[in-house]
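Close look at the chain arrangement
Here is how the chains run, residue by residue.
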Amino acid sequence: MEKIELCERNNCTGCFACFSACPAACIAMKEDKEGFLYPVIDETRCLSCGLCRKVCPVLSEKKKASSPAAKASYAKDETLREESSSGGVFSVLAESVLERGGVVFGAAFNEGMELCHVAVEKMEDLALLRGSKYVQSRIGDAFSLAKRYLEQGRGVLFSGTPCQIGGLKSFLNREYDNLITVDVICHGVPSPLAWAQYLRSREKKGRKVKKVSFRHKKLGWKKYGIRLDFQKGKPYFAPLDRDPYLRGFLADLYLRPSCYACSCKGNAPAADLTLADFWGVEKILPQWNDDRGVSLILVHSEQGKALLEKSCGKRITVDIDAEKALRYNGAYYASPSKPQAREKVLKLISETDFDRAIRRLYPRKTLLQRAFRKLLRLFGKSR
Ligand SMILES: Cc1cc2nc3c(=O)[nH]c(=O)nc-3n(C[C@H](O)[C@H](O)[C@H](O)COP(=O)(O)OP(=O)(O)OC[C@H]3O[C@@H](n4cnc5c(N)ncnc54)[C@H](O)[C@@H]3O)c2cc1C
(Lines give C-alpha, C1' and ligand atoms only; values in the text may rest on other atoms or scores of the structure.)
Protein backbone atom coordinates (compact mmCIF):
# COMPACT_ATOMS: atom_id res chain seq x y z
CA MET A 1 0.00 0.00 0.00
CA GLU A 2 1.21 3.51 -0.83
CA LYS A 3 2.70 5.36 2.14
CA ILE A 4 1.09 8.78 2.58
CA GLU A 5 3.45 11.72 3.16
CA LEU A 6 1.93 14.75 4.82
CA CYS A 7 3.49 18.22 4.53
CA GLU A 8 6.99 18.79 5.86
CA ARG A 9 7.13 18.77 9.62
CA ASN A 10 8.58 22.28 9.87
CA ASN A 11 5.70 23.66 7.82
CA CYS A 12 2.91 21.79 9.62
CA THR A 13 0.74 24.28 11.53
CA GLY A 14 -1.11 21.63 13.54
CA CYS A 15 -4.42 22.86 12.10
CA PHE A 16 -6.20 19.48 12.42
CA ALA A 17 -7.56 19.52 8.82
CA CYS A 18 -6.04 16.09 8.01
CA PHE A 19 -7.15 14.68 11.37
CA SER A 20 -10.71 15.94 10.79
CA ALA A 21 -10.96 14.70 7.20
CA CYS A 22 -9.57 11.18 7.55
CA PRO A 23 -12.43 8.74 6.77
CA ALA A 24 -10.66 5.92 8.64
CA ALA A 25 -9.97 8.08 11.72
CA CYS A 26 -6.40 6.79 11.56
CA ILE A 27 -4.66 10.12 12.17
CA ALA A 28 -3.76 10.99 15.75
CA MET A 29 -2.45 14.40 16.80
CA LYS A 30 0.56 13.62 18.99
CA GLU A 31 2.54 16.00 21.15
CA ASP A 32 6.27 16.35 20.43
CA LYS A 33 8.96 17.18 22.96
CA GLU A 34 8.36 20.92 22.49
CA GLY A 35 4.67 20.51 23.33
CA PHE A 36 3.26 21.02 19.80
CA LEU A 37 0.79 18.61 18.16
CA TYR A 38 1.62 16.87 14.86
CA PRO A 39 -0.41 14.35 12.83
CA VAL A 40 0.73 10.74 12.98
CA ILE A 41 -0.84 8.21 10.60
CA ASP A 42 -1.57 4.69 11.78
CA GLU A 43 -0.46 2.95 8.60
CA THR A 44 -2.12 -0.34 9.50
CA ARG A 45 -5.53 1.37 9.24
CA CYS A 46 -4.75 3.89 6.48
CA LEU A 47 -6.88 3.49 3.30
CA SER A 48 -4.34 5.45 1.19
CA CYS A 49 -7.21 7.62 -0.07
CA GLY A 50 -5.00 10.72 0.01
CA LEU A 51 -7.72 12.94 1.50
CA CYS A 52 -5.34 14.10 4.25
CA ARG A 53 -2.96 15.50 1.62
CA LYS A 54 -5.84 17.05 -0.35
CA VAL A 55 -7.12 19.03 2.65
CA CYS A 56 -3.69 20.11 3.90
CA PRO A 57 -3.70 23.92 3.51
CA VAL A 58 0.10 23.99 3.44
CA LEU A 59 0.17 21.74 0.36
CA SER A 60 -2.58 23.58 -1.48
CA GLU A 61 -2.02 26.53 -3.77
CA LYS A 62 -2.91 29.92 -2.36
CA LYS A 63 -4.23 33.08 -3.95
CA LYS A 64 -2.11 36.20 -3.64
CA ALA A 65 -3.37 38.85 -1.24
CA SER A 66 -5.22 41.86 -2.55
CA SER A 67 -5.71 45.05 -0.59
CA PRO A 68 -8.64 44.78 1.87
CA ALA A 69 -10.89 47.59 3.09
CA ALA A 70 -10.03 48.67 6.63
CA LYS A 71 -11.86 50.13 9.60
CA ALA A 72 -10.89 51.29 13.06
CA SER A 73 -13.49 50.31 15.62
CA TYR A 74 -14.24 49.77 19.28
CA ALA A 75 -17.23 48.51 21.30
CA LYS A 76 -19.55 51.13 22.80
CA ASP A 77 -19.85 48.90 25.87
CA GLU A 78 -16.83 50.02 27.93
CA THR A 79 -16.74 46.83 30.05
CA LEU A 80 -16.55 44.72 26.92
CA ARG A 81 -13.79 46.93 25.57
CA GLU A 82 -11.90 46.74 28.88
CA GLU A 83 -12.08 42.92 28.94
CA SER A 84 -10.98 42.51 25.30
CA SER A 85 -7.47 42.63 23.88
CA SER A 86 -8.02 45.54 21.55
CA GLY A 87 -11.38 47.24 20.95
CA GLY A 88 -13.76 44.36 21.73
CA VAL A 89 -14.94 43.98 18.13
CA PHE A 90 -14.82 40.18 18.29
CA SER A 91 -17.41 40.08 21.10
CA VAL A 92 -19.73 42.50 19.31
CA LEU A 93 -19.62 40.38 16.14
CA ALA A 94 -20.13 37.19 18.14
CA GLU A 95 -23.12 38.68 19.98
CA SER A 96 -24.85 39.49 16.73
CA VAL A 97 -24.40 35.86 15.58
CA LEU A 98 -25.75 34.47 18.89
CA GLU A 99 -28.73 36.88 18.78
CA ARG A 100 -29.74 35.24 15.50
CA GLY A 101 -29.55 31.71 16.93
CA GLY A 102 -26.05 30.98 15.64
CA VAL A 103 -23.01 29.26 17.18
CA VAL A 104 -19.60 30.84 17.81
CA PHE A 105 -16.33 28.88 17.80
CA GLY A 106 -13.16 30.19 19.41
CA ALA A 107 -10.31 29.49 21.81
CA ALA A 108 -11.10 28.92 25.50
CA PHE A 109 -9.24 27.47 28.48
CA ASN A 110 -10.56 24.24 30.00
CA GLU A 111 -10.39 23.47 33.72
CA GLY A 112 -6.82 22.23 33.38
CA MET A 113 -5.86 25.59 31.77
CA GLU A 114 -5.25 23.95 28.37
CA LEU A 115 -6.38 26.03 25.39
CA CYS A 116 -8.93 24.33 23.13
CA HIS A 117 -11.39 25.41 20.46
CA VAL A 118 -14.97 25.23 21.73
CA ALA A 119 -18.47 26.12 20.51
CA VAL A 120 -20.46 28.73 22.40
CA GLU A 121 -24.24 29.05 22.08
CA LYS A 122 -25.11 31.26 25.07
CA MET A 123 -24.31 34.94 25.58
CA GLU A 124 -22.97 34.34 29.09
CA ASP A 125 -20.37 31.88 27.72
CA LEU A 126 -18.87 34.38 25.26
CA ALA A 127 -16.49 35.59 27.98
CA LEU A 128 -14.67 32.24 27.61
CA LEU A 129 -13.59 33.20 24.08
CA ARG A 130 -12.85 36.84 24.83
CA GLY A 131 -9.22 38.00 24.89
CA SER A 132 -6.09 36.85 23.06
CA LYS A 133 -4.48 33.79 24.57
CA TYR A 134 -0.81 33.49 23.82
CA VAL A 135 -0.59 29.73 23.38
CA GLN A 136 -1.57 27.42 20.50
CA SER A 137 -5.18 26.31 20.70
CA ARG A 138 -6.09 22.65 20.07
CA ILE A 139 -8.80 22.37 17.39
CA GLY A 140 -9.87 18.85 18.43
CA ASP A 141 -13.29 18.05 16.94
CA ALA A 142 -14.24 21.70 16.32
CA PHE A 143 -14.05 21.47 12.49
CA SER A 144 -16.33 18.41 12.38
CA LEU A 145 -18.75 19.98 14.83
CA ALA A 146 -18.84 23.23 12.82
CA LYS A 147 -19.61 21.20 9.68
CA ARG A 148 -22.49 19.49 11.46
CA TYR A 149 -23.99 22.84 12.49
CA LEU A 150 -23.51 24.26 8.99
CA GLU A 151 -25.33 21.31 7.45
CA GLN A 152 -28.18 21.81 9.91
CA GLY A 153 -28.46 25.33 8.50
CA ARG A 154 -27.35 27.15 11.66
CA GLY A 155 -25.28 30.33 11.45
CA VAL A 156 -21.66 29.64 12.42
CA LEU A 157 -18.97 32.15 13.29
CA PHE A 158 -15.58 30.42 13.43
CA SER A 159 -12.66 32.43 14.85
CA GLY A 160 -8.99 31.53 15.09
CA THR A 161 -5.53 32.12 13.71
CA PRO A 162 -5.12 32.43 9.92
CA CYS A 163 -3.75 28.87 9.66
CA GLN A 164 -6.72 27.49 11.60
CA ILE A 165 -9.20 29.28 9.33
CA GLY A 166 -7.23 28.02 6.30
CA GLY A 167 -7.49 24.49 7.75
CA LEU A 168 -11.24 24.80 8.33
CA LYS A 169 -11.89 26.07 4.79
CA SER A 170 -9.78 23.28 3.29
CA PHE A 171 -11.54 20.67 5.40
CA LEU A 172 -15.02 21.96 4.43
CA ASN A 173 -14.00 22.16 0.76
CA ARG A 174 -17.09 24.15 -0.23
CA GLU A 175 -18.66 27.51 0.52
CA TYR A 176 -21.50 27.82 3.04
CA ASP A 177 -23.74 30.91 3.09
CA ASN A 178 -24.26 30.41 6.83
CA LEU A 179 -20.52 30.42 7.68
CA ILE A 180 -18.55 33.49 8.64
CA THR A 181 -14.87 33.28 9.54
CA VAL A 182 -12.77 35.72 11.55
CA ASP A 183 -9.02 35.49 12.00
CA VAL A 184 -6.49 37.68 13.80
CA ILE A 185 -3.24 39.20 12.64
CA CYS A 186 -1.02 36.61 14.25
CA HIS A 187 2.45 37.11 15.63
CA GLY A 188 2.81 33.32 16.09
CA VAL A 189 1.55 30.76 18.58
CA PRO A 190 3.60 29.70 21.62
CA SER A 191 4.18 26.16 22.78
CA PRO A 192 1.56 24.63 25.12
CA LEU A 193 4.50 23.08 26.99
CA ALA A 194 6.03 26.50 27.69
CA TRP A 195 2.61 27.66 28.91
CA ALA A 196 2.18 24.62 31.20
CA GLN A 197 5.66 25.09 32.68
CA TYR A 198 5.03 28.80 33.24
CA LEU A 199 1.76 28.00 35.02
CA ARG A 200 3.55 25.44 37.17
CA SER A 201 6.05 28.09 38.23
CA ARG A 202 3.20 30.44 39.20
CA GLU A 203 1.08 27.80 40.95
CA LYS A 204 3.59 27.10 43.68
CA LYS A 205 2.22 26.52 47.18
CA GLY A 206 -0.85 24.71 45.82
CA ARG A 207 -2.52 27.85 44.41
CA LYS A 208 -4.46 26.86 41.28
CA VAL A 209 -4.95 29.40 38.49
CA LYS A 210 -8.63 29.78 37.58
CA LYS A 211 -8.53 32.70 35.13
CA VAL A 212 -5.95 34.35 32.86
CA SER A 213 -5.83 37.64 31.01
CA PHE A 214 -2.79 37.95 28.74
CA ARG A 215 -3.81 41.48 27.80
CA HIS A 216 -4.87 43.06 31.06
CA LYS A 217 -5.29 46.83 30.68
CA LYS A 218 -4.49 47.86 34.27
CA LEU A 219 -1.61 49.99 32.94
CA GLY A 220 -3.38 50.71 29.63
CA TRP A 221 -3.83 48.94 26.29
CA LYS A 222 -0.33 49.64 25.03
CA LYS A 223 1.58 48.63 28.15
CA TYR A 224 -0.55 45.57 28.76
CA GLY A 225 0.27 42.89 31.29
CA ILE A 226 -0.63 39.35 32.26
CA ARG A 227 -3.00 38.78 35.16
CA LEU A 228 -3.55 35.41 36.81
CA ASP A 229 -6.44 34.89 39.22
CA PHE A 230 -6.05 32.02 41.65
CA GLN A 231 -8.69 29.92 43.36
CA LYS A 232 -7.55 31.56 46.57
CA GLY A 233 -5.19 34.38 47.40
CA LYS A 234 -4.15 37.56 45.64
CA PRO A 235 -3.94 37.78 41.84
CA TYR A 236 -0.60 38.04 40.04
CA PHE A 237 -0.03 40.90 37.60
CA ALA A 238 3.11 41.83 35.65
CA PRO A 239 3.50 44.09 32.59
CA LEU A 240 4.81 42.86 29.24
CA ASP A 241 8.41 43.89 29.91
CA ARG A 242 8.58 42.18 33.32
CA ASP A 243 6.67 38.94 33.09
CA PRO A 244 8.95 36.12 31.86
CA TYR A 245 6.23 34.45 29.73
CA LEU A 246 5.26 37.64 27.90
CA ARG A 247 8.91 38.60 27.45
CA GLY A 248 9.66 35.20 25.93
CA PHE A 249 6.58 35.38 23.68
CA LEU A 250 7.40 38.86 22.44
CA ALA A 251 10.99 37.75 21.77
CA ASP A 252 9.59 34.82 19.69
CA LEU A 253 11.40 32.30 21.88
CA TYR A 254 8.86 29.47 21.88
CA LEU A 255 6.67 29.77 18.80
CA ARG A 256 5.65 26.79 16.66
CA PRO A 257 8.37 26.05 14.04
CA SER A 258 5.92 26.80 11.17
CA CYS A 259 5.33 30.32 12.55
CA TYR A 260 8.88 31.35 11.58
CA ALA A 261 7.99 30.78 7.90
CA CYS A 262 4.23 31.22 8.09
CA SER A 263 2.55 30.15 4.85
CA CYS A 264 -0.37 32.55 5.49
CA LYS A 265 1.73 35.73 5.17
CA GLY A 266 1.48 37.51 1.87
CA ASN A 267 -1.35 35.25 0.70
CA ALA A 268 -5.04 36.05 0.52
CA PRO A 269 -6.53 35.38 3.97
CA ALA A 270 -9.04 32.54 4.05
CA ALA A 271 -11.17 34.50 6.54
CA ASP A 272 -13.99 36.95 5.82
CA LEU A 273 -12.67 39.40 8.41
CA THR A 274 -9.31 39.93 10.11
CA LEU A 275 -9.10 41.55 13.55
CA ALA A 276 -6.01 43.15 15.02
CA ASP A 277 -4.75 45.80 17.39
CA PHE A 278 -4.83 49.18 15.74
CA TRP A 279 -1.21 49.98 16.59
CA GLY A 280 -0.39 53.39 15.14
CA VAL A 281 -3.73 54.87 16.21
CA GLU A 282 -1.87 57.85 17.71
CA LYS A 283 -0.52 58.72 14.23
CA ILE A 284 -3.61 57.96 12.12
CA LEU A 285 -6.51 58.80 14.47
CA PRO A 286 -4.94 60.81 17.32
CA GLN A 287 -8.39 61.77 18.66
CA TRP A 288 -8.99 58.05 19.42
CA ASN A 289 -5.75 57.60 21.29
CA ASP A 290 -7.19 57.05 24.80
CA ASP A 291 -5.18 53.86 25.56
CA ARG A 292 -8.34 51.80 26.16
CA GLY A 293 -7.98 49.70 22.99
CA VAL A 294 -8.93 50.09 19.35
CA SER A 295 -9.38 47.22 16.89
CA LEU A 296 -8.31 47.24 13.29
CA ILE A 297 -10.77 45.40 11.03
CA LEU A 298 -9.79 44.17 7.56
CA VAL A 299 -12.71 43.24 5.33
CA HIS A 300 -12.03 40.47 2.80
CA SER A 301 -15.51 39.50 1.60
CA GLU A 302 -19.13 40.53 1.18
CA GLN A 303 -20.11 38.13 4.01
CA GLY A 304 -17.66 39.93 6.30
CA LYS A 305 -19.11 43.28 5.28
CA ALA A 306 -22.65 42.06 5.98
CA LEU A 307 -21.76 40.86 9.49
CA LEU A 308 -20.13 44.21 10.23
CA GLU A 309 -23.29 46.02 9.15
CA LYS A 310 -25.43 43.86 11.45
CA SER A 311 -23.33 44.83 14.46
CA CYS A 312 -22.70 48.50 13.65
CA GLY A 313 -25.08 49.82 16.34
CA LYS A 314 -22.84 48.45 19.09
CA ARG A 315 -19.56 49.86 17.78
CA ILE A 316 -17.93 53.19 17.00
CA THR A 317 -16.32 52.78 13.58
CA VAL A 318 -14.47 54.81 11.00
CA ASP A 319 -13.06 53.87 7.58
CA ILE A 320 -9.30 54.11 7.33
CA ASP A 321 -6.57 53.47 4.78
CA ALA A 322 -5.51 49.80 5.09
CA GLU A 323 -2.02 50.30 3.75
CA LYS A 324 -1.31 53.12 6.18
CA ALA A 325 -2.67 51.19 9.15
CA LEU A 326 -0.75 48.03 8.28
CA ARG A 327 2.51 49.96 8.27
CA TYR A 328 2.30 49.77 12.07
CA ASN A 329 1.47 46.08 12.13
CA GLY A 330 4.40 44.21 10.62
CA ALA A 331 2.97 40.82 11.64
CA TYR A 332 0.40 41.09 8.83
CA TYR A 333 3.13 40.71 6.22
CA ALA A 334 6.13 39.05 7.84
CA SER A 335 6.90 36.00 9.94
CA PRO A 336 9.00 36.47 13.07
CA SER A 337 12.68 35.53 12.86
CA LYS A 338 13.71 32.43 14.72
CA PRO A 339 16.01 33.31 17.65
CA GLN A 340 19.19 31.27 17.84
CA ALA A 341 18.42 30.24 21.40
CA ARG A 342 14.90 28.89 20.60
CA GLU A 343 15.63 25.15 20.83
CA LYS A 344 17.85 25.62 23.88
CA VAL A 345 15.17 27.67 25.62
CA LEU A 346 12.47 25.08 24.98
CA LYS A 347 14.73 22.27 26.17
CA LEU A 348 15.66 24.13 29.33
CA ILE A 349 12.03 25.09 29.98
CA SER A 350 11.03 21.42 29.78
CA GLU A 351 13.80 20.39 32.18
CA THR A 352 13.85 23.12 34.75
CA ASP A 353 11.89 25.94 36.35
CA PHE A 354 10.39 28.29 33.71
CA ASP A 355 11.62 31.54 35.24
CA ARG A 356 15.13 30.17 35.74
CA ALA A 357 15.29 29.05 32.08
CA ILE A 358 14.27 32.48 30.80
CA ARG A 359 16.56 34.25 33.27
CA ARG A 360 19.48 32.13 32.11
CA LEU A 361 19.01 32.36 28.35
CA TYR A 362 17.18 35.67 28.03
CA PRO A 363 18.14 37.81 31.03
CA ARG A 364 16.50 41.17 31.59
CA LYS A 365 19.00 43.95 31.38
CA THR A 366 19.32 45.46 34.83
CA LEU A 367 19.29 49.23 35.28
CA LEU A 368 22.99 49.04 36.07
CA GLN A 369 23.70 47.12 32.83
CA ARG A 370 21.66 49.63 30.82
CA ALA A 371 23.49 52.58 32.41
CA PHE A 372 26.84 50.86 31.80
CA ARG A 373 25.99 50.26 28.10
CA LYS A 374 24.90 53.90 27.75
CA LEU A 375 28.17 55.04 29.26
CA LEU A 376 30.12 52.77 26.92
CA ARG A 377 28.24 54.20 23.93
CA LEU A 378 28.86 57.77 25.10
CA PHE A 379 32.50 56.98 25.76
CA GLY A 380 32.81 55.36 22.33
CA LYS A 381 31.28 58.44 20.65
CA SER A 382 33.43 60.96 22.54
CA ARG A 383 36.52 59.22 21.28
C1 LIG B 1 -1.53 34.28 19.30
C2 LIG B 1 -2.01 35.65 18.88
C3 LIG B 1 -1.12 36.55 18.31
C4 LIG B 1 -1.56 37.83 17.90
N5 LIG B 1 -0.69 38.70 17.32
C6 LIG B 1 -1.10 39.92 16.92
C7 LIG B 1 -0.21 40.84 16.29
O8 LIG B 1 0.98 40.56 16.10
N9 LIG B 1 -0.69 42.06 15.89
C10 LIG B 1 -2.01 42.41 16.10
O11 LIG B 1 -2.40 43.52 15.74
N12 LIG B 1 -2.88 41.54 16.67
C13 LIG B 1 -2.46 40.33 17.09
N14 LIG B 1 -3.35 39.45 17.67
C15 LIG B 1 -4.79 39.81 17.71
C16 LIG B 1 -5.17 40.77 18.82
O17 LIG B 1 -4.46 40.47 19.99
C18 LIG B 1 -6.67 40.69 19.15
O19 LIG B 1 -7.04 39.33 19.32
C20 LIG B 1 -7.54 41.22 18.08
O21 LIG B 1 -7.22 42.59 17.94
C22 LIG B 1 -9.03 41.07 18.41
O23 LIG B 1 -9.30 41.75 19.57
P24 LIG B 1 -10.77 42.05 20.08
O25 LIG B 1 -10.62 43.05 21.17
O26 LIG B 1 -11.65 42.37 18.94
O27 LIG B 1 -11.30 40.66 20.62
P28 LIG B 1 -10.74 39.67 21.69
O29 LIG B 1 -11.88 39.27 22.55
O30 LIG B 1 -9.55 40.16 22.36
O31 LIG B 1 -10.30 38.43 20.78
C32 LIG B 1 -10.77 37.15 20.98
C33 LIG B 1 -10.64 36.35 19.73
O34 LIG B 1 -9.35 35.81 19.59
C35 LIG B 1 -9.45 34.39 19.45
N36 LIG B 1 -8.26 33.81 20.07
C37 LIG B 1 -7.71 34.13 21.26
N38 LIG B 1 -6.62 33.40 21.47
C39 LIG B 1 -6.48 32.57 20.42
C40 LIG B 1 -5.54 31.56 20.08
N41 LIG B 1 -4.51 31.27 20.85
N42 LIG B 1 -5.72 30.90 18.92
C43 LIG B 1 -6.77 31.17 18.11
N44 LIG B 1 -7.67 32.13 18.38
C45 LIG B 1 -7.52 32.82 19.52
C46 LIG B 1 -10.73 34.04 20.17
O47 LIG B 1 -11.24 32.82 19.69
C48 LIG B 1 -11.60 35.19 19.75
O49 LIG B 1 -12.01 35.02 18.43
C50 LIG B 1 -2.92 38.18 18.08
C51 LIG B 1 -3.81 37.27 18.69
C52 LIG B 1 -3.37 36.01 19.06
C53 LIG B 1 -4.36 35.04 19.68
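1. Brief notes about the pattern of salt bridges
Under the defined criterion, the tally for this structure stands at 22 salt bridges. Here Arg215 and Asp277 are joined by a salt bridge, their closest N and O atoms 2.8 Å apart. Of this pair, Arg215 sits in strand β8 (residues 209–216) while Asp277 sits in strand β11 (residues 273–277), placing them 62 residues apart in sequence. There is no split in this pair, since Arg215 and Asp277 are both buried. Asp290 is paired through a salt bridge with Arg292; the nearest N and O atoms lie 3.9 Å apart. The network of salt bridges with common partners includes Glu34, Lys338, Arg342 and Glu343.

2. Side note on the site of the ligand
Around the ligand sit 36 residues, and of these Ser86, Ser132, Ser159, Ile185 and Asn329 come closest. Between an oxygen atom of the ligand and a main-chain N or O atom of Val89, the distance comes to 3.1 Å. With respect to the ligand, the side chain of Arg215 contributes an N or O atom lying 3.2 Å from an oxygen atom. Within the residue set of the shell around the ligand, elements represented by two or more residues are α4 (89–99), β4 (103–109), β5 (115–120), β6 (156–160) and β11. Take the shell around the ligand: its biggest share by element is 3 residues, from β11. Among the residues making up the shell around the ligand, the classes are represented as 14 nonpolar, 18 polar and 4 charged.

3. Some remarks on the nonpolar core
If you look at the biggest cluster of nonpolar residues, it comprises 38 residues, and the most contacted ones within it are Trp195, Val212, Phe214, Ile226, Leu228, Tyr245 and Tyr254. Elements that contribute at least two residues to this core include exactly β4, α7 (192–202), β8, β9 (225–230), β10 (236–239), α8 (244–250), α12 (342–351) and α13 (354–361). Setting aside residues up to four positions removed in sequence, Tyr245 forms contacts with Tyr134, Val135, Pro190, Ser191, Ala194, Trp195, Tyr198, Phe214, Tyr254 and Phe354. By size, the runner-up hydrophobic cluster in this structure holds 24 residues, among which are Leu37, Val103, Ala142 and Phe158.

4. Section: the state of the cysteines
Taken as a whole and judged by the stated rule, the model has 0 disulfides. There is no disulfide at Cys7, and the cysteine sulfur nearest it, in Cys56, is 4.0 Å away. A disulfide-free cysteine, Cys12 has its sulfur positioned 4.7 Å from the sulfur of Cys7, the nearest such atom.

5. Concerning the sheet that holds β10
Backbone hydrogen bonds hold the strands of a sheet together, and the pairing may be parallel or antiparallel. Taken together, the 3 strands give an open sheet; going across it, the order is β8-β9-β10, and neighbouring strands pair in antiparallel fashion. With one partner strand each, in any of the chains shown, β8 and β10 form the two edges of the open sheet. Ignoring which end each strand starts from, the neighbouring axes of this sheet average 10° apart. Here 4 bridges tie β9 to β10, and the two strands are oriented antiparallel to one another. Looking across to β10, one finds that Ile226 is bridged to Ala238. The sheet contacts of α7 involve β8, β9 and β10, and relative to β9 the element is tilted by about 60°.

So, how was this worked out
- Residues numbered from 1 in each chain as written.
- Predicted model: local features only at pLDDT ≥ 70, side-chain atom pairs only at ≥ 80, totals over all residues.
- Heavy atoms only, no water.
- Salt bridge = Lys/Arg side-chain N within 4 Å of Asp/Glu carboxyl O.
- Helix = DSSP H or I, 4+ residues; strand = E, 2+ residues; numbered from the N terminus.
- Buried < 20%, exposed > 50% of the residue type's maximum accessible area, 1.4 Å probe, protein only.
- Near = heavy atom within 4 Å.
- Polar contact = N/O pair within 3.5 Å; in protein donor to acceptor, adjacent residues only side chain to side chain.
- Nonpolar A, V, L, I, M, F, W, Y, C, P; charged D, E, K, R; others polar.
- Core = buried A, V, L, I, M, F, W, Y, C linked by side-chain atoms within 4.5 Å.
- Contact = heavy atoms within 4.5 Å.
- Disulfide = S-S within 2.5 Å.
- Pairing = 2+ DSSP bridges.
- Axes fitted to C-alpha atoms, helices over the stretch in contact; angles between N-to-C directions.

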